[in-house]
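# Examination of the molecular architecture
The residues making up each chain are set out below.
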Amino acid sequence: MKLLIDFFPILLFFVAYKLAGIYVATTVAILAAALQLGWTWWRQRRVETMHLVTLGLLVVFGGMTLALRDPIFVMWKPTIVNWLFAAAFLASQLVGQRTLVERTMGHAVSVEPVVWRRLNLMWVVFFLVLGLTNLFVVYVASGFFAAHQTLLAGSGLVSVDLSSCAAQFQGELLALCTSAQASEEIWVNFKLFGMMGMTLVFVLLQAFYLARHIEDEPRPQEAD
């Protein structure tokens, strides 16, 4: 249930994108993140840092995408989120008695302090890699940035809604728009399936590592 709530804005973003394009999807994601925050507060009377950061960055980067009609801003949002979490986990490694991982899981699992620090560093590296992978998909793997810039240069426009290529262009420009839209869709699919898959694989690997180092609770001695 918690995993579903955490991925709620991403799921709605994905559905809205398939139905109406990235600008509608960005608006839906902002509203979904606000609803997510309100639901958590109503149910638990507290606000989770991840939800608050997600909403804040969605408002900033999603707002820039909507105001400037440029998808690149909302595409940068996952990278900024992950790098901020990497910075937070790294800061807890350097300052304070306990790392963020230990504060989160220490009540349920007992391991040596050195294991918590290793796990914490693993999360730092994971968040850094996830942020870099997102940029790799945007600029290289999907080809979106180059395709989008080529379309803007060829059309002479400053912004294009890629969800309605056929209504705006014909001939070569239509082909350019269709190519840019297909590249954009690759990133949207990665945002849901790629990032979720990478996260699940990492969590499973971390669980296996943690299981090897869990300390057994001492058994009470039997009376003679």
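Note: the structure precedes this text.
If you're wondering where the values come from, they're calculated on a predicted model, not measured in any experiment. Within any chain, residue numbers begin from 1 and follow the written order of that chain's sequence. The predicted nature of this model means local features are confined to residues of pLDDT at least 70 and side-chain atom pairs, given and counted, to a pLDDT of 80 or more, with totals for whole chains, interfaces and linings taken over all residues. Hydrogens and waters are ignored; side-chain quantities use all the structure's heavy atoms.

### Some details on the overall build of the chain
Of regular secondary structure, the chain possesses 10 helices and zero strands. Helix numbering and strand numbering both begin at the N terminus, where a helix is a DSSP run of H or I of at least 4 residues and a strand a DSSP run of E of at least 2. For the chain, the N- to C-terminal ordering of α and β elements is α-α-α-α-α-α-α-α-α-α. Put simply, the radius of gyration uses C-alpha atoms, and a globule should come to 2.2 Å times the residue count raised to 0.38. Relative to the globule expectation of 17 Å for 224 residues, the C-alpha radius of gyration of the chain, 22 Å, shows a markedly less compact shape. By principal-axis analysis of the C-alpha atoms, the chain measures approximately 90 × 35 × 30 Å. Only protein chains enter the area calculation, which uses a 1.4 Å probe; residues under 20% of their type maximum are buried, those over 50% are exposed, and those in between are partly exposed. Out of the 224 residues in the chain, the part that is buried amounts to 39%. Long-range contacts, defined as pairs at least 24 residues apart, comprise 65% of the intrachain contacts of the chain with a sequence gap of at least 6. Just so you know, the count uses Lys and Arg for positive and Asp and Glu for negative, and it drops His and the chain ends. We put the charge of a Lys on NZ, of an Arg on CZ, of an Asp on CG and of a Glu on CD. In the chain, the 14 positive side-chain charges and the 14 negative ones have mean positions that sit 5 Å from each other. Here, residues are in contact when the closest pair of their heavy atoms is within 4.5 Å.

### A look at the packing of aromatic side chains
Within 6.5 Å between ring centres, the rings of Phe, Tyr and Trp (the latter by its six-membered ring) count as paired, and their orientation is classed by plane angle as stacked under 30 degrees, edge-to-face over 60, tilted in between. For the coordinates displayed, the defined rule picks out 12 aromatic pairs. Look at Trp 123 and Phe 126: their rings are 5.8 Å apart centre to centre, the planes differ by 90 degrees, and that puts the pair in the edge-to-face class. Pair noted here: Trp 123 and Phe 126 are both in helix 7 (residues 113–141), with a separation of three residues, about one helical turn. Phe 126 carries the same exposure label as Trp 123, and that label is buried. The structure contains a cluster of three or more aromatic residues connected by ring pairs, namely Phe 85, Phe 89, Trp 123, Phe 126, Phe 127 and Phe 202. A ring has a charge above it when a Lys NZ or an Arg CZ is no more than 6 Å from the ring centre and no more than 35 degrees off the ring normal. Over the face of the ring belonging to Phe 13 we find Lys 191, whose NZ or CZ atom lies 5.6 Å from the ring centre.

### Quick look at the state of the cysteines
Sulfur atoms of two cysteines make up a disulfide when they are within 2.5 Å. For the structure on display, the rule yields one disulfide. Across the disulfide from Cys 165 sits Cys 177; the S-S distance is 2.0 Å. Taking the sign of the S-S torsion, about -75 degrees here, the bridge from Cys 165 to Cys 177 comes out left-handed. Of this pair, Cys 165 sits in helix 9 (residues 165–168) while Cys 177 sits in helix 10 (residues 171–213), placing them 12 residues apart in sequence.

### Concerning helix 3 (residues 22–44)
Here the expected span of a helix is defined as 1.5 Å times the quantity of residues minus one. Between the first and last C-alpha of helix 3 there are 32 Å, a value that for 23 residues agrees with the 33 Å anticipated at 1.5 Å per step. Along helix 3, the positions that sit buried rather than exposed are Ile 22, Tyr 23, Ala 25, Thr 26, Ala 29, Ile 30, Ala 32, Ala 33, Gln 36, Leu 37 and Thr 40. Phi turns positive one or two residues past the end of helix 3, at Arg 45, with a value near 55 degrees.

### Some points on the pattern of salt bridges
For this document, the term salt bridge refers to a Lys or Arg side-chain nitrogen within 4 Å of an Asp or Glu carboxyl oxygen. Per the counting criterion, the structure on display carries two salt bridges. One salt bridge in this structure joins Lys 18 and Glu 185, with 2.5 Å as the shortest N-O distance. With a gap of 167 residues between them, Lys 18 in helix 2 (residues 8–20) and Glu 185 in helix 10 connect regions that are remote in the sequence. For Lys 18, a relative accessible area of 37% translates into the label partly exposed. The partner of Glu 48 in a salt bridge is Arg 46, with the nearest N and O atoms 3.9 Å apart. Residue classification places Arg 46 among the partly exposed residues on the basis of a relative accessible area of 44%.

### What about the environment of Asp 6?
Tracing the backbone through its elements, the reader meets Asp 6 in helix 1 (residues 2–6). On the accessibility criterion, Asp 6 (18% relative accessible area) is buried. Apart from the residues lying within four places of it in its own chain, the contact partners of Asp 6 are Gln 36, Glu 48, Met 50 and His 51.

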